[in-house]
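Summary of structural features
Listed below are the residues making up each chain.
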Amino acid sequence: MSEPAVRPAPAKARPGGGTWAFALFVTGILALAFNLRGAVTSLPPVFPELASALHMSSLAVALLAATPVLCFGVFSIPAASLSRRLGEERVLLAALLLLAVGLLARGAWPGVMLFPGTVLAGAAIALMNVLLPSLVRVSRHMLAWQVMGFMGLQSLIYYSALSWLPILLRDRGAGAVHAGSLLALMNFGNAVTALVAPMLAQRARDQRWLIVATVTVSAVGLAGLWFAPLGGAAAWTLLFGLGQGAALGLAIYFTAARAPDAVTSASLSAFTQGGGYLVATAGPLVVGFLHSVTGSWTVPVLAMLVVIVFEGAVGWQAGRARALPAAARA
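This report concerns the structure included in the present document. Note that this is a predicted model, so its numbers are computed, not measured.

Okay, the nonpolar core next. Judged by nonpolar contacts, the single largest core of 77 residues is most densely connected at Phe-47, Met-56, Tyr-159, Leu-169, Phe-254 and Trp-297. It is helix H7 (residues 142-171) that contributes the most residues to this core, 18 residues altogether. In this structure, Tyr-159 is in contact with Val-40, Val-69, Phe-72, Tyr-277 and Pro-284, ignoring residues within four places of it in sequence.

This is the structure in structure tokens:
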């Protein structure tokens, strides 16, 4: 009887290697998220000083505010193709370098590179936002349009507020530092509910009442920022941020929950982000235009409140417990 073959013992993993790898991964993700946010949020609080120093018109400031969102919509479309052709790691590394170049050029030579640097940074952020394997064909289905519409409208409100909320607050008497701090508070509220909302959504049969709560909180917070006394701005800003963060969390959740498999989810996400950010591009431009024409923030705020109502209507449809058919795969 022959002896059984002796199998080599598996090699031992390096002690602590998994822990260090995980720690580095989490650190990298947090650092990336911080820099992606800062690349967009750093300009609005100093728009008045920037316009004065560079002699920019109100139209130029509005175009600058809309540029990152436009880049998100345009450059998210080729991201999946680049990922398939070059590999996600290479595209991610190139995007990080592109982001660094854009931000450095914008800061070093603002007179010449303000817009080009912002375009480079916006393109890099778009690539890093998506990096998905395919473009969607689920566009034939109304549900895909509803999810995209909800993503687009909530993004329109967020980027409109991101661009113009500091100016609105400064027009009400807040200083530059105070306005910037309130914007940071809004983003803190975003971060909290963007994580909590998907967990709540996962426990619900459908998400329609979460949509109602989300848009209600957003609308109340936004209305309070303009119509209520400035002394309560911190509370209204936080409330508005919580509503907007929940909307973003639900929009991202829908890209997974409304798809039958990972491939369809990736395609739906690409369609949602590409189309949604193109919708959102109109927000900063229209809000800036309405403010320039009327000389007041009342009409722009009312227009944003109307958009929030439409966001709720589209979200009510996207929040129903349904899924795209498997044949919708890209």
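Applying the stated criterion across every chain, the model contains two salt bridges. The partner of Arg-170 in a salt bridge is Glu-49, and the shortest N-O contact between them spans 3.1 Å. Placement of the pair is Arg-170 in helix H7 and Glu-49 in helix H2 (residues 47-54), with a sequence separation of 121 residues. Of the residues examined, Arg-170 reaches a relative accessible area of 24% and is grouped as partly exposed. Owing to a relative accessible area of 37%, Glu-49 belongs among the partly exposed residues under this scheme. We note a salt bridge from Arg-208 to Asp-206, for which the minimum N-O separation is 2.8 Å. On the basis of relative accessibility, which here comes to 24%, the residue Arg-208 falls in the partly exposed class.

This part is about the packing of H2 against helix H3 (residues 58-75). The N-to-C vectors of H2 and H3 enclose an angle of 125°; their axes lie 11 Å apart at closest approach. It follows from the interaxial angle that H2 and H3 lie oblique. With respect to the hand of their crossing, H2 and H3 are arranged in right-handed fashion. Two secondary-structure elements touch here, H2 through Phe-47, Leu-50 and Ala-51 and H3 through Val-61, Leu-64 and Ala-65. Across the contact of H2 with H3, the residue classes tally to six nonpolar, no polar and no charged.

Let us look at the packing of helix H9 (residues 208-227) against helix H10 (residues 233-257). The interhelical angle for the contact between H9 and H10, taken along N-to-C directions, is 150°, at an axis separation of 7 Å. Judged by the angle between their axes, H9 and H10 are roughly antiparallel. In the crossing of H9 with H10, the sense of the turn from one axis to the other is left-handed. For the pair formed by H9 and H10, the contact residues are Leu-210, Ile-211, Thr-214, Val-217, Ser-218, Val-220, Gly-221, Leu-222, Gly-224 and Leu-225 on the first element and Ala-233, Trp-236, Thr-237, Leu-239, Phe-240, Gly-243, Gln-244, Ala-246, Ala-247, Leu-250 and Phe-254 on the second. For the contact of H9 with H10, a count of residues per class yields 14 nonpolar, seven polar and no charged.

Cut-offs applied
Residues numbered from 1 in each chain as written. Predicted model: local features only at pLDDT ≥ 70, side-chain atom pairs only at ≥ 80, totals over all residues. Heavy atoms only, no water. Core = buried A, V, L, I, M, F, W, Y, C linked by side-chain atoms within 4.5 Å. Buried < 20%, exposed > 50% of the residue type's maximum accessible area, 1.4 Å probe, protein only. Helix = DSSP H or I, 4+ residues; strand = E, 2+ residues; numbered from the N terminus. Contact = heavy atoms within 4.5 Å. Salt bridge = Lys/Arg side-chain N within 4 Å of Asp/Glu carboxyl O. Axes fitted to C-alpha atoms, helices over the stretch in contact; angles between N-to-C directions. Parallel < 35°, antiparallel > 145°, perpendicular 65-115°, else oblique. Left-handed = near helix turned anticlockwise from the far one by under 90°. Nonpolar A, V, L, I, M, F, W, Y, C, P; charged D, E, K, R; others polar.

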